[in-house]
Amino acid sequence: MKMAREGEQLTLAELVPLETLAELGHLFRAVTGVPMVFTDQTGNAIGEVEEPLAFCGSLVRIADGTTVCLRRTKWDEPEPDVEAKLRSKHSGPKPVAHRCLGGFRDTAVPIVVEDQVIGYSVFARSLGQPPDVAGFRQMAQQAGMAPEVGEQVARRALVMSEDRIRGVARFLEVITGLVASAAYESVRARQVLELEKLRDDLIHMIVHDLRTPLTSMLGGLDMVVSTDYDPDITHEFVPMAHNSAQTLLEMVNTLLDINKMESGQMKLDLADLDFAGVAAQALQQVKGLAAERKHELVLEISDELPTVNGDEEKLRRTVVNLLGNAIKFTQDGGRIALSATHDEQGLTFAVSDNGPGIPPEDREMIFDKFGQVEARKHGRKNSTGLGLTFCKMVAEAHGGRIWVESEVGKGSRFAVAIPIQPEADKT
């Protein structure tokens, strides 16, 4: 399960306290006698940088710009283009271990969480044998720097055996694993808190939506009782209460069905059916609501629709949900069309309106029950309750899909495509 939200860039400094990183750095130094540093994804050092790491321009960038590398043409001035080129090979998820100019061994291990590189653990500037100081002075001169620069770089190198270099590198991987585990636990803890808040917001949203038809139903019945069952009042308000009760029952059934489908307990009652008949029933169910809003309901269905193998009751409720959303969120006097076509891929039915449209950032999340919470929190009521979540689950249960095409200010088109016959039934 992915713990990070899609598109979210995780950062090491946000996930692991700086004190923890510092303690791990001290532990590494105490065990190996070698300094190390943590960096972000682009090589910026996190915390203090000790020598000789301060001389490793290919892996570590220091805030004050004093990083030194013989590949640069100057010592005391930052050269971002040069340093970016040096680090270009260090942007992947695999450990970096190579010999630098002058024979230095540089090692960096990526810290990976949720398939993202959130930083690096680095130790560098190590040599397997004492440096040739004269050779480093000559390299500095060839790079256009004073020979003293080369000598200073050489004298600050870590000199250790090749076996010890490999051992230090392995321990660096252990430290990196600890940091990655801590970062992952931080992401998971944050996700749990977010899910708990989303759950609470979802419950609040559901209770609010259930209260509306319940209030309408009780209000109508109270009016009938308070007038001692006056025939005129009864004739007017009992049907209203009945419609509210039907709406309430539909919402409860939707909640129960979503729970069943999420737990894998929902079974489709498949049978060959005429979708034109399903569409007609759905239109009849919302006809009164559309009339109240003075909407024009249009049926655009091909005369030669094939028989569909599907769950009639759930497909009808899917169409009703889509029509109900269009009716509710289209300004009075709008036009709402229910269409259905078919091709060799299957049946596609759609509900189109000339309402306010849906912002691009909401078009994917509206099919997710938690996404609807986010949209509602920002004042964008693009659906009633969990109706679109139900529609998505029904479409997918039939082996199909649902999507929306919309333009703000011009309207929306919700479309569902399902195969004429489920894959398992094809011969």
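Refer to the structure above for everything that follows.
Everything quoted here is computed from the prediction, not taken from an experiment. (Residues numbered from 1 in each chain as written. Predicted model: local features only at pLDDT ≥ 70, side-chain atom pairs only at ≥ 80, totals over all residues. Heavy atoms only, no water.)

## Looking at the overall build of the chain
Consideration 1: Broken down by element type, the chain carries 11 helices and 13 strands.
Consideration 2: Buried residues in the chain amount to 45% of all 427 residues.
Consideration 3: Sequence-distant contacts in the chain: of pairs separated by 6 or more residues, those separated by 24 or more amount to 67%.
Consideration 4: When the accessible area of the chain is evaluated, it comes to approximately 22300 Å², of which 53% is carbon and sulfur surface. (Helix = DSSP H or I, 4+ residues; strand = E, 2+ residues; numbered from the N terminus. Buried < 20%, exposed > 50% of the residue type's maximum accessible area, 1.4 Å probe, protein only. Contact = heavy atoms within 4.5 Å. Areas by Shrake-Rupley, 256 points an atom, 1.4 Å probe, with all protein chains shown as cover.)

## Re helix α11 (residues 387-397)
For the α-helix, the turn length of 3.6 residues means that residues three or four positions removed from each other point alike.
Consideration 1: Of all 11 residues in α11, 8 are buried, a share of seventy percent or more.
Consideration 2: Within the sequence span of α11, burial applies to Gly387, Leu388, Thr389, Phe390, Cys391, Met393, Val394 and Ala395.
Consideration 3: One or two positions beyond α11, positive phi appears at glycine 399, with a value near 80°.

## Let's talk about the packing of aromatic side chains
Consideration 1: Per the stated rule, a full pass over the model turns up 5 aromatic pairs.
Consideration 2: Seen from their ring centres, phenylalanine 28 and phenylalanine 123 are 6.5 Å apart, and the 40° between their planes marks the pair as tilted. You can see phenylalanine 28 sitting in helix α2 (residues 18-32) and its partner phenylalanine 123 sitting in strand β5 (residues 116-127), a full 95 residues away along the chain.
Consideration 3: Residue classification places phenylalanine 28 among the buried residues on the basis of a relative accessible area of 0%.
Consideration 4: For the pair phenylalanine 367 and phenylalanine 414, a centre-to-centre distance of 6.0 Å together with 75° between the ring planes defines the contact as edge-to-face. Of this pair, phenylalanine 367 sits in the loop between β11 (346-353) and α10 (369-377) while phenylalanine 414 sits in strand β13 (residues 411-418), placing them 47 residues apart in sequence.
Consideration 5: For phenylalanine 367, a relative accessible area of 7% translates into the label buried.
Consideration 6: Among the aromatic side chains, those forming a connected cluster through ring pairs are Phe28, Phe123 and Phe171.
Consideration 7: The cationic tip of arginine 401 hangs over the ring face of tryptophan 403; the distance from NZ or CZ to the ring centre is 3.9 Å. (Phe/Tyr/Trp six-rings, centres within 6.5 Å; stacked < 30°, edge-to-face > 60°. Lys NZ or Arg CZ within 6 Å of the ring centre and 35° of its normal.)

## Side note on unusual backbone geometry
Note: most residues except glycine have negative phi, and most peptide bonds are trans.
Consideration 1: Of note in this structure, glutamate 114 is not a glycine but carries a positive phi near 55°.
Consideration 2: With respect to the helices, strands and loops of the structure, glutamate 114 is situated in the loop between β4 (105-113) and β5.
Consideration 3: A relative accessible area of 16% means that glutamate 114 is categorised as buried.
Consideration 4: Residue arginine 125 is not a glycine yet carries a positive backbone phi of 65°.
Consideration 5: Inspection of the secondary structure puts arginine 125 in strand β5.

## Digging into the side chain of arginine 317
Consideration 1: Inspection of the secondary structure puts arginine 317 in helix α9 (residues 312-329).
Consideration 2: Residues within four places of arginine 317 in sequence aside, it is in contact with Glu250, Asn253, Thr254, Asp257 and Phe390.

## Observations concerning the pattern of salt bridges
Consideration 1: In total, this model carries 14 salt bridges according to the counting rule given.
Consideration 2: Put simply, arginine 335 and glutamate 300 hold a salt bridge, and the shortest N to O gap is 3.2 Å. Taken as a pair, arginine 335 in strand β10 (residues 335-343) and glutamate 300 in strand β8 (residues 296-301) lie far apart in primary sequence, 35 residues in all.
Consideration 3: A relative accessible area of 38% means that glutamate 300 is categorised as partly exposed.
Consideration 4: When the shortest N-O distance is used, the salt bridge between lysine 410 and glutamate 407 registers 3.6 Å.
Consideration 5: Members of the salt-bridge network, linked through shared partners, are Asp311, Glu313, Lys314 and Arg317. (Salt bridge = Lys/Arg side-chain N within 4 Å of Asp/Glu carboxyl O.)

## Regarding the nonpolar core
Consideration 1: Counting residues in hydrophobic clusters, the biggest one holds 42 residues, and the most contacted among them are Phe275, Leu322, Leu323, Leu347, Phe349 and Phe414.
Consideration 2: Judged by nonpolar contacts, the second largest core, of 27 residues, contains Leu10, Met160, Ala169 and Val179. (Core = buried A, V, L, I, M, F, W, Y, C linked by side-chain atoms within 4.5 Å.)

## Looking at helix α7 (residues 231-262)
Consideration 1: The end-to-end C-alpha distance of α7, which contains 32 residues, comes to 46 Å, matching closely the 46 Å that a straight helix rising 1.5 Å per residue would cover.
Consideration 2: Those residues of α7 that sit buried are Phe237, Ala241, Ser244, Leu248, Thr254, Asp257, Ile258 and Met261.
Consideration 3: For α7, the side-chain oxygen to backbone nitrogen distance between the N-cap and aspartate 232 is 3.0 Å, and the N-cap itself is aspartate 230.
Consideration 4: Phi for glycine 264, located one or two positions after α7, is positive at around 80°. (Expected span 1.5 Å × (residues − 1). Polar contact = N/O pair within 3.5 Å; in protein donor to acceptor, adjacent residues only side chain to side chain.)

## Topic: the sheet that holds β10
Consideration 1: With respect to topology, 5 strands assemble into an open sheet ordered β8-β10-β11-β13-β12, the strand pairing being mixed. Each having just a single partner strand, β8 and β12 (401-407) make up the two edges of the open sheet. Averaged over neighbouring strand pairs, the angle between their axes works out to 15° when direction is ignored.
Consideration 2: The sheet contact formed by β10 and β11 spans 8 bridges and is antiparallel. When the bridges of β11 are listed, serine 339 appears paired with alanine 350. (Pairing = 2+ DSSP bridges. Axes fitted to C-alpha atoms, helices over the stretch in contact; angles between N-to-C directions.)

The values reported here are purely geometric and, on their own, carry no functional implication.
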